[in-house]
There are 2 protein chains.
Amino acid sequence: MKTIQAVSYPVHFQEESYAALTNLIAKNDYSTIFVLVDENTFEACYPRFLEKLNTSRDLKLIEIASGEINKNLNTCIKVWNAITDLGGDRKSLLITLGGGVITDLGGFVASCFKRGIDFVNIPTTLLSMVDASVGGKTGIDLGVLKNQIGLFANPQMVIVDDVYLNTLDEREIQSGTAEIIKYGLTYDYSLFEQIKKDKYNNINKLIFRSVEIKNEVVLEDPREKYLRKILNFGHTLGHAIESFYLESEDKKSLTHGEAIAIGMICESYMSSILLNLSIEKVAEIKETILSIYNKIEIQKEDFSAILDYLKHDKKNVNGQINFVLLNDFEDYKIDCIVPEELIIQSLEYYNS
Amino acid sequence: MKTIQAVSYPVHFQEESYAALTNLIAKNDYSTIFVLVDENTFEACYPRFLEKLNTSRDLKLIEIASGEINKNLNTCIKVWNAITDLGGDRKSLLITLGGGVITDLGGFVASCFKRGIDFVNIPTTLLSMVDASVGGKTGIDLGVLKNQIGLFANPQMVIVDDVYLNTLDEREIQSGTAEIIKYGLTYDYSLFEQIKKDKYNNINKLIFRSVEIKNEVVLEDPREKYLRKILNFGHTLGHAIESFYLESEDKKSLTHGEAIAIGMICESYMSSILLNLSIEKVAEIKETILSIYNKIEIQKEDFSAILDYLKHDKKNVNGQINFVLLNDFEDYKIDCIVPEELIIQSLEYYNS
């Protein structure tokens, strides 16, 4: 499979990518090499990684606890202390091996350690492969606020090896599929059609095209001034829903994809009211998404709490909530202001 | 006084600089403007700042406790939460008004909030004026390790207004003088001569020339690959001494300048043994520095603890401690490896 060239680094695919990492290590004479894992990727992914990476160098493992709940500054402090205690310096390399928590937090940790050391991302979930491989976003949560702290920083290289997907359960594969649907709706309808027809079979092709799309978008607009905002489709309301379910003690948490799936249905509905997206297309979107995701009944009494989360969205400016909506498939409009009543209506449409 | 153009932003001097800040604010349409102070600069500097800044905009004050001991992630979390609670978003501006703790921490906080908001630095101590005005270094301490966490990020503008120096006591003025001496020894001997003759009288001229030098150095070598390393002269051992005194409960802390002053005498001595700096010039350096700083008798039994701090210096690679030493005035050599015995000898030379 081809390599995709991101702004300042390559994204390598499948088995041959490890040779590129071996070369990077040999060429750069790193003083120490750290591998950041969680308890799951240590068990399920690290053995394959070790087997494929051909180096005589000593690798120093740093393990953190899995889960979004640990994507915070306390975990960063633990990792920074571990790097320090294990002799890390400015010429160290950090390899992240895991899902979005590991790659987002690891990139942030590396970029701030002694004002920046090199890092390599090896996403092991479908979500992190299609979402976090390119774009240079690193970040952690501040209390309940997702990715409130972070910065733009590019890895030296990304490795996408779909063998790691075998370690995931169905629900995690579904979670990543939401981002692929997003690329389909906003940028390449044929990708959406493929999902409609085949769900997430032929996953390799879906991943490659998703990374390609994300890369085109990010190269065109690295700092999220216009085009890159399409990547937020479904995410404005989706993030608020995700945070609400994460923080509510009596509710089961949703995966990122489950929340974004709801967000995309609702934001499609908003699009049909405020813009030109036909209600038939909204129905097509809803039907396709609900063929993959179970419907979550959102309680009426929870609507106002979800709206409160929306008000803290990173993308808000001057207290106004900004949505990116669709005029049509592959045709978007950024910075749409949506009245609260319509947001509530859209949740009712989802429930209906 | 002229403006100095740093890599991507101007350094303005004295009263006229506030007009530039007023313009920046008017031009950028910031959604919210925060001013970061500590209890000292709130009382001593903020009234002047308010008087000079000509804006009808509402300024939101965020106050942190003064002192290096607070230059840590806990303080960052407090500031990030305050910014969030006060409605900060991606179009907010953070103005830092204070010494190195405020400007270093504030720059870090701004650069990581929602992946980066604009900031303006207004250093109010001599040290932060001559050292932190240019160079783009932001950072905080991790436990006892100074500036272990941070990144390179440039403010929109820096304002150097020496009226704020009237709020400082003599010991703080002395502290900043060490950096001016450093510029003199490594880059412009006439600056050192002026200190030798007049100490820190004519402070305006000393500040302007120091910022000019630092800017020339940083523009030539932004990422500290070669020339910029001269800025570490006196700092390798100096930082270790500073950390040791800060952490020792039974010892009075040293100011940064007091520690760097000792570091410069010791590293000059090392230079005379390993390179060509004559012992007469070392004596001249020692005499000049001790005409400004009281001698601190460093106890023999503390030498090994100081060496331990040295081993954690950010600039170490592969466990080797790297010094920048002098062949002569204005003539340096980077990446010098110094044996431990010579480090100890240099401390004895300082004590003698």
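Residues numbered from 1 in each chain as written. Chains lettered and ligands numbered in written order. Predicted model: local features only at pLDDT ≥ 70, side-chain atom pairs only at ≥ 80, totals over all residues. Heavy atoms only, no water.

## Structural notes on the overall build of chain A
- Each helix and strand counted, chain A has 14 helices and 11 strands in total.
- Here the C-alpha radius of gyration of chain A, 20 Å, is about what a compact globule of 352 residues would show, namely 20 Å.
- The dimensions of chain A, computed from C-alpha atoms along their principal axes, are 60 × 40 × 35 Å.
- By the burial criterion, 61% of the 352 residues in chain A qualify as buried.
- With an accessible surface of roughly 13400 Å², chain A has 47% of that area assigned to carbon and sulfur atoms.
- Of the side chains in chain A, 36 bear a positive and 51 a negative charge, and the two mean positions are spaced by 5 Å. (Helix = DSSP H or I, 4+ residues; strand = E, 2+ residues; numbered from the N terminus. Rg over C-alpha atoms; globule rule 2.2 N^0.38 Å. Buried < 20%, exposed > 50% of the residue type's maximum accessible area, 1.4 Å probe, protein only. Areas by Shrake-Rupley, 256 points an atom, 1.4 Å probe, with all protein chains shown as cover. Lys, Arg positive; Asp, Glu negative; His and termini not counted. Charge placed at Lys NZ, Arg CZ, Asp CG, Glu CD.)

## A few points about the relation of the copies chain A and chain B
- Each copy of the sequence occupies a distinct position, and chain A is placed on chain B by a rotation of 180° and an axial shift of 0.0 Å, giving an RMSD of 0.0 Å. The transformation relating the two chain copies, once decomposed into turn and shift, fits a two-fold axis. Of the C-alpha atoms belonging to chain A, the one lying closest to the rotation axis is found on Leu73(A), 4.0 Å away.
- Comparing interface residues between copies, 97% of those in chain A also lie at the interface in chain B; the contact surface is shared. (Least-squares fit on C-alpha atoms with pLDDT ≥ 70 in both. Contact = heavy atoms within 4.5 Å.)

## Digging into the UniProt feature "domain: 3-dehydroquinate synthase N-terminal" (unreviewed entry) in chain A
- In the numbering used here, UniProt assigns the feature "domain: 3-dehydroquinate synthase N-terminal" (unreviewed entry) to residues 62-174 of chain A.
- As annotated, residues 62-174 of chain A comprises 33% helix and 29% strand, and the C-alpha atoms at either end are separated by 28 Å. (UniProt positions renumbered as here; feature names shortened; annotations may be inferred.)

## Some words on the pattern of salt bridges
Residue and element names in this part refer to chain A.
- Taken as a whole, this structure holds 42 salt bridges over all chains when the rule is applied.
- Close ionic contact of Glu348 with Lys300 constitutes a salt bridge, the shortest N to O distance being 3.4 Å. With Glu348 in helix α14 (residues 340-351) and Lys300 in the loop between α12 (279-292) and α13 (303-310), this residue pair connects regions lying 48 residues apart in the sequence.
- For Glu348, a relative accessible area of 32% puts it in the partly exposed group.
- What emerges from the salt-bridge pattern is a single network uniting Asp188, Arg209, Glu212 and Glu216. (Salt bridge = Lys/Arg side-chain N within 4 Å of Asp/Glu carboxyl O.)

## Details of the interface of chain A and chain B
- The interface is formed by 35 residues belonging to chain A together with 34 residues belonging to chain B.
- Summing both sides of the interface, chain A and chain B together bury roughly 3000 Å²; the carbon and sulfur share of this comes to 59%.
- Counting across the interface, chain A meets chain B through 2 salt bridges.
- Put simply, chain A and chain B have 10 residue pairs in polar contact (both at pLDDT 80 or more) between them.
- Along the lines of polarity and charge, the residues of the side of chain A that touches chain B split into 12 nonpolar, 13 polar and 10 charged. (Buried area = accessible area lost by both parts, 1.4 Å probe. Polar contact = N/O pair within 3.5 Å; in protein donor to acceptor, adjacent residues only side chain to side chain. Nonpolar A, V, L, I, M, F, W, Y, C, P; charged D, E, K, R; others polar.)

## Considerations on unusual backbone geometry
All names here are of chain B.
- Positive phi is not limited to glycine here, since Asn202 has a value of about 55°.
- Accessibility expressed as a relative area gives 45% for Asn202, which makes it partly exposed.
- Located in the positive-phi region is Glu330, a residue other than glycine, with phi close to 60°.
- Of note, Glu330 is situated in the loop between β10 (322-328) and β11 (331-337).

## Things to note about the sheet that holds strand β4 (residues 59-64) of chain A
Residues and elements named next belong to chain A.
- The 7 strands are arranged β1-β2-β9-β6-β5-β3-β4 in an open sheet whose pairing can be described as mixed. Looking at the sheet topology across the chains shown, the edges are occupied by β1 (4-5) and β4.
- Relative to strand β9 (residues 157-160), strand β2 (residues 10-13) runs parallel, the two sharing 3 bridges. Residue pairing in the sheet places Val11 in a bridge with Val158 of β9.
- Packing against the sheet, helix α5 (residues 100-112) makes contact with β3 (33-38), β4, β5 (93-98) and β6 (118-123), and its axis sits at approximately 165° to β5. (Pairing = 2+ DSSP bridges. Axes fitted to C-alpha atoms, helices over the stretch in contact; angles between N-to-C directions.)

## Considerations on helix α14 (residues 340-351) of chain B
Residues and elements named next belong to chain B.
- Given a rise of 1.5 Å per residue, 12 residues ought to cover 16 Å, and the 17 Å separating the end C-alpha atoms of α14 matches this to within 8%.
- Burial in α14 covers these residues: Leu342, Ile343, Ser346, Leu347, Tyr349, Tyr350 and Asn351.
- Buried residues in α14 make contact with α10 (235-247), α11 (256-274), α12 (279-292), α13 (303-310) and β10. (Expected span 1.5 Å × (residues − 1).)

## Examining the packing of aromatic side chains
- Per the stated rule, a full pass over the model turns up 21 aromatic pairs over all chains.
- Between Phe244(A) and Tyr309(A), the aromatic rings sit 6.5 Å apart at their centres with planes inclined by 70°, giving edge-to-face as the arrangement. Here Phe244(A) is found in helix α10 (residues 235-247), whereas its partner Tyr309(A) is found in helix α13, with 65 residues between them in sequence.
- Centroid distance Phe244(B) to Tyr245(B): 5.4 Å. Interplanar angle 85°. Geometry classified as edge-to-face.
- The class for Phe244(B) is buried, based on a relative accessible area of 6%.
- The class for Tyr245(B) is buried, based on a relative accessible area of 5%.
- Directly above the ring of Tyr183(A) sits Lys182(A), whose terminal nitrogen or CZ lies 5.1 Å from the centroid. (Phe/Tyr/Trp six-rings, centres within 6.5 Å; stacked < 30°, edge-to-face > 60°. Lys NZ or Arg CZ within 6 Å of the ring centre and 35° of its normal.)

## Structural notes on the pairing of strand β8 (residues 145-152) of chain B
Residue and element names in this part refer to chain B.
- Taking burial as the measure, the 8 residues of β8 include 7 buried ones, the bulk of the element.
- Bridge count between strand β7 (residues 137-142) and β8: 5 bridges; the pairing is antiparallel. Bridge pairing links Lys137 to Phe152 in β8.

## What to know about helix α8 (residues 189-198) of chain B
Residue and element names in this part refer to chain B.
- When α8 is considered as a whole, its buried residues turn out to be Tyr189, Leu191, Phe192, Gln194 and Ile195.
- Close packing links the buried residues of α8 with α7 (170-186), α9 (203-220) and α12.
- Downstream of α8 by one or two residues, Lys199 has phi in the positive range, about 50°.

## Side note on the side chain of Ser268(A)
Residue and element names in this part refer to chain A.
- Mapping Ser268 onto the fold places it in helix α11 (residues 256-274).
- Ser268 gets classed as buried once you look at its relative accessible area, which sits at 0%.
- Beyond its immediate stretch of four places on either side in the chain, Ser268 contacts Phe233, Leu277, Val282 and Ile285.

## Re the sheet that holds strand β2 (residues 10-13) of chain B
- Taken in spatial order, the 7 strands make up an open sheet running β1-β2-β9-β6-β5-β3-β4 (chain B), and their pairing is mixed. If you trace the sheet from one side to the other, it starts and ends with β1 (4-5) and β4 (59-64) of chain B, each paired once.

## Concerning the domain arrangement of chain A
Residues and elements named next belong to chain A.
- Taken as a whole, chain A is organised into domain 1 (4-167) and domain 2 (170-351).
- When each unit is reduced to the centre of its C-alpha atoms, the spacing between domain 1 and domain 2 is 27 Å.
- Across the boundary between the two partners, domain 1 contributes 27 residues, which contact 33 residues of domain 2.
- Together domain 1 and domain 2 conceal approximately 2600 Å² of surface at their shared face, both sides included; 66% is due to carbon and sulfur atoms.
- Of all residues in domain 1, Leu126, Val130 and Lys146 bury the most surface against domain 2, accounting for 24% of the area lost on that side.
- Between domain 1 and domain 2 we count 3 salt bridges in total.
- Here domain 1 is connected to domain 2 by 8 residue pairs in polar contact (both at pLDDT 80 or more).
- Looking at the side of domain 1 that touches domain 2, the elements with two or more residues in it are β1, β2, α6 (126-131) and β8 (145-152).
- Among the residues making up the side of domain 1 that touches domain 2, the classes are represented as 15 nonpolar, 7 polar and 5 charged. (Domains from an automatic or database assignment.)

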